Structures are given as structure tokens and as C-alpha cells.
Amino acid sequence: MNHIFVNRNNQTFKIYSIMRHVVLNLILLTLCFNSFENNAQSRAVLSLENNWKFQKGDHDDAFKIQFNDSKWETVNVPHDWAIYGPFDKEIDKQNVAIIQNGEKVATEKTGRTGALPHIGTAWYRNTFTLPQYQKGKKVILLFEGAMSEPQVYLNGKKVGEWAYGYSYFYFDVSELISEGENTLAVKLTNREFASRWYPGAGLYRNVSLIVKNPESIDQWGTFITTPFISDSVAKVNVKTKVSNTNGYLTTTIFDADGKEVASLKSTTTFGHEYDQNIKVENPKLWNPETPYLYTAVSKLYVNDELKDEISTRFGIRSIKYEAEKGFSLNGEITKFKGVCLHHDLGPLGAAINKAALKRQLTILKDMGCNAIRSSHNMPSLEQLELCDEMGFLFLAESFDEWKKPKVKNGYNRFFDDYAEKDIVNLVHATRNHPCIVMWSSGNEVPDQWGEAGVKRAKWLQDIFHREDPTRPVTVGMDQVKAVMESGFGALLDIPGLNYRVHLYEEANNKFPQGFILGSETASTVSSRGIYHFPVEKGSMVQHNDYQSSSYDLEYCSWSNLPEDDFILQDDKPWVLGEFVWTGFDYLGEPTPYDEKWPSRSSYFGISDLAGLPKDRFYLYRSRWNTENETLHILPHWNWEGREGEITPVFVYTNYNSAELFVNGKSMGIQKKHHATPQNRYRLMWTDVKYEPGTVKVVAFDDDQNPVAEKSIKTAGKPYEIVLSPDRKTITADGKDISFVEVSVVDKNGIPCPTATNQLKFKVTGKGTYRAACNGDATSLEQFHLPTMKLFSGKLVVLVQASKESGVINLAVSGKGLKTGKITIQSTKK
């Protein structure tokens, strides 16, 4: 397959010319095929990425073609206008009682939506040209997300509007497109009290134009399922909706190497839909361990002339949910070892970036995570593409609100008019992703109370079933007593419980399904590298530094510690698994410090906002990653002023016993046992007294043979900056990012875990400084400025490639420290 790239006003216009039977693994939803056959172009995509004009404020005439935007800021899309800050307490100061947290009295809350300037109105304008040969074509304008309440204008005329900032939507603009220059204008409005977390602001996902023939395959018109699978053969069902039924459709399936494995020509339609059953011999199944992907290329012909062509990537796999047994993937019982993820990407905000998403998933894969819940909204198409490729099961969620509000200006305003449309778009846009094994119609909706809520739950579930009869539907329920009595929980395909571990048994006995999903679990809080004494369990604990202890014993009023969930997962076959709140810290919801400025981001993450693992990462890894060794010691061993004081040492490991040494002296052997939930999954030496030096742990196998050891040492003063990139070679596409971990060491190379030095960043060559993040939930330093303090001895610098290949240099300096330098290579694909 040869690619022709045409540049029009600095927009990327991709046309694909089929020269031979080679198929690239492209997802229909993120890259549509643009094909030539017999020199007849059938489909093209114009990605509107560059040279957008942006301005905050309500400009009444900004939709007009002649409007002068020359003084507006020039930006690229995806774009989040609010992430650049500054942080401001007044932006989202609220006097509220958070009902979901069990609060009954209103108090002043700050940082609840990240304390970033996302509220207000803004405009985006883009001028583009379609090549002359597009005349007479059908043109679709596609938005993959716009935050929020977008009003769309093309060439001075209103095209339409949408409401939900997380929804994918499109308009047919065939009648409004001009052959020459076109002007697209988008007005966005973010209202106050419209979100419970940082929503981002702007055109934060991709915008594109799809140009095709009038006789064509419908937008999101292909639906691929695999209703029969055996070792020797799989039945692949391909339903394709088309605008014209006077022709025929051929669908050819290619394996991951581009080799044709099956093909079928169909002339019969049912209504406006072709329904094809295609036999694939010796199928290779999709699963998290081997996420094998096929590609179906569908071609629509009219009078033997190719009119349209699309490529749809899919996996062959089966799913099943059974009472008392749980979830099966391809016939094998599989527990969900999942995490919930908000949509922001830390210092990048909500603006989608595939490199950042892939880094997150790579970190989670190493932890042993096998599932993602998109909480509490539609996922990005890039995230689903990566989950298909990397092997993650996916729970695709839709709403955080139905008809009853959680926040004044939330989705409740749109529910009646938009809920069905939003679900239809979610399902149609994403249903071919093999990673999706479940839908969620809501999270902790107040509609759990009362008869009306039961009817809404059934109505939404019926829409999902109508659009996709192959996957079940859940709701994350926190009012467990209420849904047991009302019938709300009983009608769901899968009853999802958010926390409430003490009610699992009762709920399972009450509900008819025979299984329970931990749709949201734990909500343990911690700050990377921060430890508080004495070491005690505690709910809603607050400390003077506004940080939560990384001994992983602090949680929230509604939640629990990880081990409470582990026990249910391990001991109850009817528990399907869990989705931990959350995989990474996110902007907003700084519980338990939502009344304590300057806290402005969450403490829930297994990894922090910079993507750096907290200690808790290794607790989950010790249980979830069954392929690799885990041996992790906490806390760090720099405690000047605590000499002789009790400083407990915990070890997170997949081994069942270990011996601890402090400066060569044995502190005894600890073995995992069932006396308490923590003793079952952690090794804990609770009476260790601090003395500077070396802490070493020696782990034993089940025959008490020493098999692994690890040491940590007391560090001296910070001396040198050390740089460690996640990738030393990135793509020169103007988007790709290398995430460089920055730390400091003493003269002996020992990491300094308490360092807080102010650092400066300088990028030269074929790249730019994009952002930095240190994971401190109380830091008010702006991500995009080239300076930041270390937090617990670390931070991360984001280096972004330009569109020119070559060398990128990063230098990180700090007063009194030896400068750290690194070279990154950017290359063209």
C-alpha cells in the first residue's frame, strides 16, 4: 500500500492508493482508508490539526467568514486551553456537601476541578481547502470530542451543535463545503459546576473531514462479531450499512502479517445492510497475553466501479459471564485486574496524545493490570486502539449523571435529549474493538433511588442491547442497600459495586445474576515518597503537609485498603474482578484535602500525576504480575532526626517470606499469613528502629531457599542530576513525546529520596520542551514553564519531537548540582 501525502494550508491530507494486496493494520475509527483503484478515488480523510486560531471570550461574529482572527493565538488540535494555568483557588471554589462522599453539611471546597481556568467560552477557527477533485462528494465533519457544548459553523452557516463534551459526533456538511477555501468555526462553552473533576477545555480530541462518494459505506457502518469459534475455524459476521443497494460488497480478511485468509462477495442486502458470514480457518484468538488482530477490508462497488473502501481491525475472541463461575475469555476463567482512568494526561491536560496513553498502558502492563475502565465517560479512540494492540480488557463507560444532578450544570441538563444519541454514537464508533467486553451506562448516579431510576436503568440498558447484543451492561452502584430493594441492581446484566465490600455477600445473595463486579474499588490514598509516623490505619486522615502516607494504610470514608478487595477476588469465584480507583492520579478531586488549599489533584493513583509509581504500585504488582519477580522495600532510608525511633519497614513481594537486615543485623523473618488482611499480602517489620546505613531484604521460595535480595541505602547530599528517558528514539511527527525521568544522586550514585531542588530544563535541536510534572498534588508550578522543583527526589520532563528528524538535546540543571544531559533521536516513520 503506497501513501500519497498532499499538503493543503498545512493540513495533512492522506490518500491511500492500493497497488497490491497488502493491508496496513489501521482502525476504521481513527484512520479511514482513502483508496484509489483504477485511478478512481473512493475515500479520503483531511485531519484538521494545524493552524487553528483560538481565542477565549464570547465573540459574537466569530462564525462569519470575514471575521478578523489575525491577532488570535495559533494552536494545534488536540488542544486544552486550560492546562497552561495558572492554578487559582477562586476558579472552582465551591460551598457544597459531596453526597457521594457521605457528606451532609456543605463546606468550602477548593481544587475540586483542578483549580485550572477551564470555565468560560472560547472560539476556534480553521481555514482549509479541499482539492478540486472532491467536487460532488459526500463530506462528513467528525469530532471525536469537544469540551464542551460545541456549536459548529461552516462558511458562516450553523452546521449543528452537540452537548456532551466526551461524545463523538459528526455532521454531513456536503451542501456547505466549497471547492475553494472553507472556514470552520467552533464555539465552546464550559460552565461552572459542570464537573466533579478537571474536564479540560477545547478541541481536546481530533477533528477531521471524511470525503467519499455519495454511494458509500455509512459512518461507523461496519459491525464485526465472531459468533462461533473453535480450534479449527471461526465464523466472522460482518454487517455493513450502505447508502446505495444497487451494487455489491466484497470483504477480505487479512491476518496480522497482511496475508489474505478469507474473502466473500455479497450482492444481497437486507434493507440497507449487507450481512456476511466469513469462514476463517485456524483462527488466532485475541487475549491480553497475545492480542492478535485481523483486518477486514470492505469494498463497495456500483456497476463494477469501486465507490468506497474501509478497513476495520478486529479480534477473534469469545466472552461469557456465568453464575458462580465469573467471566470467561475464550473459554478460560479470567479475573479483571483493572484500574479506573480519568481522561486527563497529567501535565498535558485533556489534550489527547498517543505517546502519553501508550506510556500509561506500558506502566500498567508491567504492574500486571489487564483491564481499564474509562471513568466516567466515553474513551478516546486512541486509547481503545492501544488496548486492542497491547492486550487490555475494557469497560467502556458513558455517563456520570443521568436525570438527577450531582453538580448543578452537569449532564442532567442534557439527559432527556441526548442520552440515546450519545449511547448510539459510543457503540457504533467503538463496537469493533475486541478489547471492549462490557458497557457501563452510569456511575454512582443519584437515580439509584426510586422507581424512575429503575426505569431509566432499563431504558439505557435496552439501548445498548439494541445497538450491540453481544456485550453486557453494568452500572457502578454505591447505594447498594437501595438497589437491592428497588430492583435496580437485579435488572442489570452485571451488578457493579463501587466499594461497599461488607455488602458483597448480601448483594450476591439478593441479586439473581450469580456474580458481582468490583466496578470501583479501594480508593486508598498516598503521596509518592511521603511517610508519616506513627504508622497507623486511618480514614480521611489529614497531615500538616497536605500529603497522604505511602505506608498505604490511609483511605476514605466510603472506601477501604487494597487487601479488602484482594481477599474477595481470591476467595470468591463469583467476584468477577476489580477496577481500582485509580491507575494514575488525576487533576481535581483532592480527597482527603478538598478543603485544604493548595491541594488540586488526586491522591488515589497507584502511580502519581507524573506517571511515577508509588509504593502501592508494587503491592498490586506482587499480586497481579505472575510472570516477573517483585521485591520492593519501603520507606526510603533517609530519616535524619529519627535515629533510634520506630520506623516500620514493609516489603511488597510475590514471595511468601523474607528476612530483613539493617546494617547487617537481622530483624527476623516474616511470613505472609491470614491473621489480618495486611499480613496476608504484605511482609511487615513494625518494630525496626532507624539508623543510617543499609536496609536489605532477602526473599525465600516456598522451600525457604534464598532466591532474591534487594537493598536501599541512606543517601548523602544531592550531587548530580540523572536522566532516564522511557524512549531514546521517537517519531518526528510533531506529536511524539519522550518522557524523561529526572532524579538526583549523591557522590556515590545513591538516589536522594527527599530532594526538593529547583531545576531548569533546556531543549535544543529537533524538538521542544513540552511540560514537566513532579507528582506533588499541592504544587502550583505551571507544567509548561521550563522549571520545577523535585518532589520526593524525582520529576518527569516531556520532550516533544518536531516534524524534522534529527537529534534532540535535553539539559537539566540546578544550583549546586552537576547538570544532567541526554540525547534523543527523532526519526521519520
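Before reading on, note that the structure itself is shown above.
All figures in this text were calculated on a predicted structure; none of them were measured in a lab.

Give me the lowdown on the overall build of the chain, citing residues and values where you can.
Within the chain, the regular secondary structure consists of 10 helices and 52 strands. For the chain, whose C-alpha radius of gyration is 27 Å, the value lies close to the compact-globule estimate of 28 Å for 829 residues. Overall size of the chain, expressed as C-alpha extent along the three principal axes, is 85 × 60 × 55 Å. Within the chain, the fraction of its 829 residues that count as buried is 62%. Charge separation in the chain, taken as the distance between the mean sites of 95 positive and 100 negative side-chain charges, equals 3 Å.

Could you give me a rundown of the pattern of salt bridges, with the residues and numbers involved?
For the structure shown, the criterion picks out 45 salt bridges. For Glu322, the salt bridge identified is with Lys325, shortest N-O distance 4.0 Å. Where Arg680 meets Asp571, a salt bridge forms, and the shortest distance between an N and an O atom there is 2.7 Å. Separated by 109 residues along the polypeptide, Arg680 in helix H10 (residues 677-681) and Asp571 in helix H8 (residues 562-571) bring together distant segments of the chain. You can call Arg680 buried: its relative accessible area is 17%. Take Asp571: its relative accessible area is 39%, and that puts it in the partly exposed class. Linked by salt bridges that have partners in common, Arg196, Asp400, Lys406 and Glu589 make up one network.

Can you tell me about the pairing of strand E43 (residues 706-713), naming the residues and giving the values?
Two elements, strand E42 (residues 694-700) and E43, share 7 bridges in a ladder whose sense is antiparallel. Bridging from a neighbouring strand, Lys696 pairs with Ser711 of E43. Between the end of E42 and the start of E43, which pair antiparallel, lie 5 residues, with Gln704 showing a positive phi angle near 65°.

Pulling in residues and values, what's your account of the sheet that holds strand E45 (residues 729-731)?
An order of E45-E52-E51-E47-E49 is seen for the 5 strands of this open sheet, with the pairing classed as mixed. On the outer flanks of this sheet lie E45 and strand E49 (787-789), each paired with one strand and no other. If you compare each strand with its neighbour and ignore which way they point, the axes differ by 30° on average.

Tell me about empty space enclosed by the protein, and name the residues and values.
In total, this model carries 7 cavities of 30 Å³ or more according to the counting rule given. Its boundaries defined by the atoms lining it, the second largest cavity holds a volume of some 150 Å³. Taken together, 17 residues make up the lining of the second largest cavity; nearest its centre are Leu345, Pro347, Arg359, Leu609 and Ala610. Where the lining of the second largest cavity is concerned, the elements lending two or more residues are helix H1 (354-367) and strand E50 (794-801). With 3 residues, the single largest contributor to the lining of the second largest cavity is H1. Grouping the amino acids of the lining of the second largest cavity by side-chain chemistry returns 10 nonpolar, 3 polar and 4 charged.

Conventions used here
Sequence order sets the numbering: in each chain, residues are counted from 1 along the sequence as written. Owing to the predicted nature of the model, reporting of local features is limited to residues with pLDDT of at least 70; listing and counting of side-chain atom pairs is limited to 80 or more, with chain, interface and lining totals taken over all residues. As a rule here, side-chain values come from all non-hydrogen atoms in the structure, and water together with hydrogens is ignored. Helix and strand definitions here come from DSSP, where helices need a minimum of 4 consecutive H or I residues and strands a minimum of 2 consecutive E residues; each element is numbered from the N-terminal end. In this setup the radius of gyration rests on C-alpha atoms only. A globule is expected at 2.2 Å times the number of residues raised to 0.38. Exposure is judged per residue with a 1.4 Å probe applied to protein chains only, and the accessible area is read against the type maximum: over 50% gives exposed, under 20% gives buried, and values in between give partly exposed. Counted charges follow a simple rule, with Lys and Arg positive, Asp and Glu negative, and His plus the chain ends left uncounted. Positions of charges follow a simple convention, taking NZ of Lys, CZ of Arg, CG of Asp or CD of Glu. Salt bridges are defined as contacts in which a side-chain nitrogen from Lys or Arg sits within 4 Å of a carboxyl oxygen from Asp or Glu. Pairing between strands is defined by DSSP: at least two bridges between the two strands are required. Angles here are taken between N-to-C directions and fall from 0 to 180 degrees, while the axes themselves are lines fitted to C-alpha atoms, restricted in helices to the stretch in contact. In this analysis a 1.4 Å probe is tested at points of a 1 Å grid over the protein atoms alone, and where it fits but cannot get out there is a cavity; an open set with protein on both sides within 12 Å along at least five of seven lines is a pocket; lining residues have an atom within 4 Å of a point. Grid points are joined across faces, edges and corners, and a volume is the space filled by probe spheres set on the points. Three residue categories are used. Nonpolar comprises Ala, Val, Leu, Ile, Met, Phe, Trp, Tyr, Cys and Pro, charged comprises Asp, Glu, Lys and Arg, and polar comprises the others, including Gly.

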